[in-house]
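Residues per chain, in single letters:
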Amino acid sequence: MTSPDMTVFADLESNVRGYCRSWPTVFDTASGAWLRDESGREYLDFFAGAGALNYGHNNPVLKQSLLEYIASDGLTHGLDMSTVAKRDLLQSLRDRILKPRGLDYKVQFPGPTGANAVEAALKLARKATGRTEILNFTNAFHGMTLGALSVTGNAAKRAGAGVPLQHATSMPFDGYLSGTDDDSFEWMERVLDDASSGLDSPAAVIVETVQGEGGVNLASVQWLRKLAGLCSAREILLIVDDVQMGCGRTGPFFSFEMAGITPDIVTLSKSIGGYGLPMALVLFKPELDLWKPGEHNGTFRGNNPAFVTARAALEHYWADDALEAATRAKGERIDRALTGMSVAFDGVGARGRGLVHGLVFDDASRAEKVCAAAFQRGLLVETSGPEDEVVKLLPPLTITDSELDHGLELLAASLDAVCGGRGR
């Protein structure tokens, strides 16, 4: 096979590029759960644009809506102007998502990325409470801008800020201290209620129900309910960052639904645009809508083509519970496969929920080697966790059972290639 010409990338593109180093080929086309490089080789996608492609590549339903909109000269760039595309999206969001779940949220378009949504959420929480401190969690990841980095746990990412990251305090995530939630809540309650703890009363707590970048760490239903109760009792706003785990990744549309809680603020991005087009939302309780006109703005809030594909996704995939049921079933399929792999090899564990799962390695170096072996076999997976010790699986929600099984077979072969001979 001819090596791809990577010269122009090395000559012109910054050293900051990352994924292309793990997947050294030049991709050309994609559809569903598959990508093809310029030589025509196919790769099964267990990455899904870092969770931005829950409905797969070039989803035909969403593509048709987008093509029709563009062909009709629909508005592309709309700032925060009122447009037909925005109105249709807001109505679908209300009717398909919010009302059926009993959620009364106002909707803010903060800018096109998850980090934009997080920055707006933190800013709003501070404005609403008059307080400055934010509580975040060990191994959290919320974005690469300064506010988002301040509530992110990873030391390497935080170091890239180049300035002190202030007004945020990290608390232990579920199971961080001893594998149970009791210790973490005993500590949180103690420091919040002790006038001599040195912790100022926080404006908000920000949490991921599943820490994807942090290593596929799962918050239990019980832990999330305790957290919501703790926040409510102390008048602390609860922000759920659903940028990667929302839009059905864990099964239900919102990842917090399983716990029966209602966050004060929710951030969405990645797959809310449906087609991979940049878009983000901040949802918050009406009493928190304290913004003055233009107080928080941005040029690319009004990506109307993304509004069109977002609406198409809501209308097509969230009119009933079929996608949620399918995601749960596929998640159980992955769980069985990964549990089998963890039994077969020493130093390998498995965890996950819905269609986000991880293989966890005692020897962190093996995770990267497994990802490299998977790429050679035509499977795209990435690492996560504080030491990149987890092989993270994020296949599209629309992947077929046969495609899912094929990918799991490729993963098993990759694991065997790296860890073979060290099985039980």
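One can find the structure itself at the top, above this paragraph.
Keep in mind it's a predicted model, so treat the numbers as computed, not measured.

Draft legend 1. Region of the structure containing the pattern of salt bridges. Following the criterion strictly, the structure yields 14 salt bridges and no others. Residues arginine 101 and glutamate 257 are paired through a salt bridge, measuring 2.9 Å at the closest nitrogen-oxygen approach. Of this pair, arginine 101 sits in the loop between helix H5 (84–98) and strand E4 (106–108) while glutamate 257 sits in the loop between strand E10 (237–241) and strand E11 (265–268), and the two are 156 residues apart along the sequence. Taking relative accessible area as the criterion, arginine 101 reaches 23% and is therefore assigned partly exposed.

Draft legend 2. Summary view of the pairing of strand E12 (residues 281–284). Residues Leu281 and Leu283 of E12 are buried on one face, and the alternating residues Val282 and Phe284, pointing to the opposite face, are buried as well. In the sheet, E4 pairs with E12 via three bridges, with the strands oriented antiparallel. Bridge pairing links glutamine 108 to valine 282 in E12. Pairing geometry for E11 and E12, over four bridges, is antiparallel. If you follow threonine 267 over to E12, its bridge partner there is valine 282.

Draft legend 3. Local environment of the nonpolar core. In terms of nonpolar packing, the biggest core is built from 84 residues, with Leu227, Phe254 and Val391 touching the most fellow members. Among the elements that make up this core, the one with the highest residue count is helix H11 (residues 304–317) (eight residues). Apart from the residues lying within four places of it in its own chain, the contact partners of valine 391 are His357, Gly358, Leu359, Phe361, Ala367, Val370, Cys371, Val381, Glu382 and Leu411.

Draft legend 4. Region of interest: a nonpolar patch on the surface. Taken together, the side chains of Val8, Phe9 and Leu12 present a nonpolar region at the surface, about 300 Å² in accessible area. Looking at the element boundaries, leucine 12 is found in helix H1 (residues 7–12). Taking relative accessible area as the criterion, leucine 12 reaches 70% and is therefore assigned exposed.

Draft legend 5. Quick peek at the sheet that holds strand E17 (residues 390–393). Spatially, E13-E14-E17-E16 is the arrangement adopted by the four strands of the open sheet, whose pairing is antiparallel. If you trace the sheet from one side to the other, it starts and ends with strand E13 (348–353) and strand E16 (382–384), each paired once. Taken pair by pair, the neighbouring strands of this sheet meet at an average axis angle of 30°, ignoring direction. Across four bridges, the pairing between strand E14 (residues 356–361) and E17 is antiparallel. In the sheet register, leucine 359 faces E17, and the bridge partner there is valine 391. Along the sheet, helix H12 (residues 322–344) makes contact with E13, E14 and E17, crossing E14 at roughly 10°. Contacts from helix H14 (residues 401–419) reach E13, E14 and E17, with the element oriented near 10° to E14.

What counts and what doesn't
- Residues numbered from 1 in each chain as written.
- Predicted model: local features only at pLDDT ≥ 70, side-chain atom pairs only at ≥ 80, totals over all residues.
- Heavy atoms only, no water.
- Salt bridge = Lys/Arg side-chain N within 4 Å of Asp/Glu carboxyl O.
- Helix = DSSP H or I, 4+ residues; strand = E, 2+ residues; numbered from the N terminus.
- Buried < 20%, exposed > 50% of the residue type's maximum accessible area, 1.4 Å probe, protein only.
- Pairing = 2+ DSSP bridges.
- Core = buried A, V, L, I, M, F, W, Y, C linked by side-chain atoms within 4.5 Å.
- Contact = heavy atoms within 4.5 Å.
- Patch = residues over 30% accessible without salt bridge, like charges linked within 9 Å, V, L, I, M, F, W, Y side chains within 5 Å.
- Areas by Shrake-Rupley, 256 points an atom, 1.4 Å probe, with all protein chains shown as cover.
- Axes fitted to C-alpha atoms, helices over the stretch in contact; angles between N-to-C directions.

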